[in-house]
Amino acid sequence: MDRFYITGGHPLRGTVPISGAKNATLPLMAAALLCDGPSVLTNAPDLRDVDTMAQVLAAVGASVTVDQGQVIVDPAGFDHPEAPYDMVRKMRASIYVLGPMLARLGCAKVSMPGGCAIGARPIDLHLRGFEALGAEIAIEHGDILAKVPRLRGSDFSLSGPSGSSIGATANVLMAAVLAEGQTIIRGAALEPEIVDLIDFLTQAGAQIEGAGTSTLTIEGVDSLSGHEHRVIPDRIEAGTFLAAGALTKGDVTLEGVEPDHMGRTIELLEEVGADIEQGEGTLRVTRDGPLQPVAVRTLPYPGFPTDMQAQLMVLCSLAEGDSTLTETIYPERFIHVSELNRMGADIHVFSATATVRGVERLSGAPVMASDLRASAALVLAGLIAEGVTEILRVYHIDRGYERIEEKMASLGAHIRRAGPGEVEVDW
Ligand code: UD1
């Protein structure tokens, strides 16, 4: 398994392109199954999760080509309503095929996703939405079995204990666009990735009102057509590079970003001491002063994203004072804390709140990547730590960051990927 070796203490400088959003690309690929004729997604990131979704789509009968920022999905052969455990356990977003299966094939057998490194991740809201559209659902032998002669529009809420669900909104919306009659989804997610999905579906011929609000009104149509669509920029990758620039007191310009999608992230990075200049599709980050502590809660969009919590924690760990980071989305998403503490951070978690006491320095250590964003936080910590940080199991990072080590190295980071058996380099 690959590892990263990072020697800290080198400020990042230069310009870096931001890739298309993973969390937009995955539902868009599934949505292509709803169309008659092929769809082309441009600005798609080259990621392990995208390859996994391509395998899932191939398993259900579609033809998929992934090549140089372009994903082409031809749903002509989509006739196999099954997504097995082998795929769903690799990537929870495989469950996005459930909505298209019900809409186009009238039945589905999809393995029920389990928990993961960031805690329990139920799918009751997805199932609630499909039932509201008339599907009969049973869970047997670890599989979700769903069937429906024809989906029928209805009026229901997808809001759960933590507010809206991105996954449930996307999945149920994909079913509703081909249902008979009107569907009203209340408590819908507002995330830019959902708006991107709505743009794709609308362009394909779907009738959806209310994009970017919590109430979506959908008039079912009989068919949708495949077309070309440009995936929105990845706001979490962008936030991670902003954090890297601020942390190392560098001067980094991000290209191909959508600052409007990053309001709360930009605000919080400024609160911790970053200077951020917004341009047309660009963001430039520098920092002069010391890092400042913050008190923050993760929230659904437009709140501060849980997918940026671990990265922000690295900045807080070197701030002049105590910060608190409270998780309202995934209360157990603190697996990175013990690794950061191995590097000299002073972080305590009680209930769903991490209290981060600022320290003067972090020191390089061998650490273990656990989930995607936690792993990105370890890369950030490595960039600023004294000495060498070895990050094991970087395949977690490859799921969601396109060539992170090449992008970081192009900005001056001393980071190197080592395959099995290779040894640390002397910088
Ligand atoms: C998506 C993102 C993930 C991000 C998460 C929260 C993708 C592929 N993944 O995951 O990177 O961390 O949003 O921003 O886009 N919930 C229920 N029942 C459900 C579904 C969700 O209770 O049926 C709860 C979850 O446990 C969580 C909250 O709702 O507390 C939000 O989860 P959700 O938005 O569904 O996350 P995902 O779509 O799985």
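The present account deals with the structure reproduced in this document. Quick caveat, the model's predicted, so the values are computed rather than measured. (Residues numbered from 1 in each chain as written. Predicted model: local features only at pLDDT ≥ 70, side-chain atom pairs only at ≥ 80, totals over all residues. Heavy atoms only, no water.)

Overview of the overall build of the protein chain
Of the regular secondary structure elements, the protein chain holds 14 helices and 26 strands. Whereas a compact globule of 427 residues would reach a radius of gyration of roughly 22 Å, the protein chain reaches 22 Å, a difference of no more than 12%. The burial tally for the protein chain puts 56% of its 427 residues in the buried class. Summarising the internal contacts of the protein chain: among those between residues at least 6 apart in sequence, 74% fall at separations of at least 24. Accessible surface, the protein chain: about 16300 Å² in total, of which carbon and sulfur atoms supply 47%. Between the mean site of the 33 positive side-chain charges and the mean site of the 56 negative ones, the protein chain shows a separation of 4 Å. (Helix = DSSP H or I, 4+ residues; strand = E, 2+ residues; numbered from the N terminus. Rg over C-alpha atoms; globule rule 2.2 N^0.38 Å. Buried < 20%, exposed > 50% of the residue type's maximum accessible area, 1.4 Å probe, protein only. Contact = heavy atoms within 4.5 Å. Areas by Shrake-Rupley, 256 points an atom, 1.4 Å probe, with all protein chains shown as cover. Lys, Arg positive; Asp, Glu negative; His and termini not counted. Charge placed at Lys NZ, Arg CZ, Asp CG, Glu CD.)

Digging into helix H10 (residues 309–317)
In an α-helix, one turn spans 3.6 residues; hence positions three or four apart end up facing the same way. Buried residues dominate H10, accounting for 9 of its 9 residues. For H10, the complete set of buried residues consists of Gln309, Ala310, Gln311, Leu312, Met313, Val314, Leu315, Cys316 and Ser317.

A short note on the site of the ligand
Around the ligand, a shell composed of 17 residues is seen, among which Leu125, Ser165, Ile166, Asp307 and Ile329 lie nearest. Contact distances for the ligand include 2.8 Å between an oxygen atom and a backbone N or O atom of Gly167. One of the side-chain nitrogen or oxygen atoms of Asp307 is found 2.6 Å away from an oxygen atom of the ligand. Considering the ligand on its own, with 740 Å² of exposed area, one finds that the protein chains cover 88% of that surface. Those elements that place two or more of their residues in the shell around the ligand are helix H5 (124–132) and helix H6 (166–176). (Near = heavy atom within 4 Å. Polar contact = N/O pair within 3.5 Å; in protein donor to acceptor, adjacent residues only side chain to side chain.)

Digging into the packing of helix H1 (residues 22–31) against helix H7 (residues 192–203)
For the pair H1 and H7, interaxial distance at closest approach is 9 Å and the crossing angle is 30 degrees. Here H1 lies roughly parallel to H7, going by the angle between them. Seen from above, H1 lies across H7 with right-handed handedness. Mapping the contact onto sequence places Asn23, Ala24, Pro27, Leu28 and Ala31 in H1 and Glu193, Asp196, Leu197, Phe200 and Leu201 in H7. Residue composition of the contact of H1 with H7, grouped by class: 7 nonpolar, 1 polar and 2 charged. (Axes fitted to C-alpha atoms, helices over the stretch in contact; angles between N-to-C directions. Parallel < 35°, antiparallel > 145°, perpendicular 65-115°, else oblique. Left-handed = near helix turned anticlockwise from the far one by under 90°. Nonpolar A, V, L, I, M, F, W, Y, C, P; charged D, E, K, R; others polar.)

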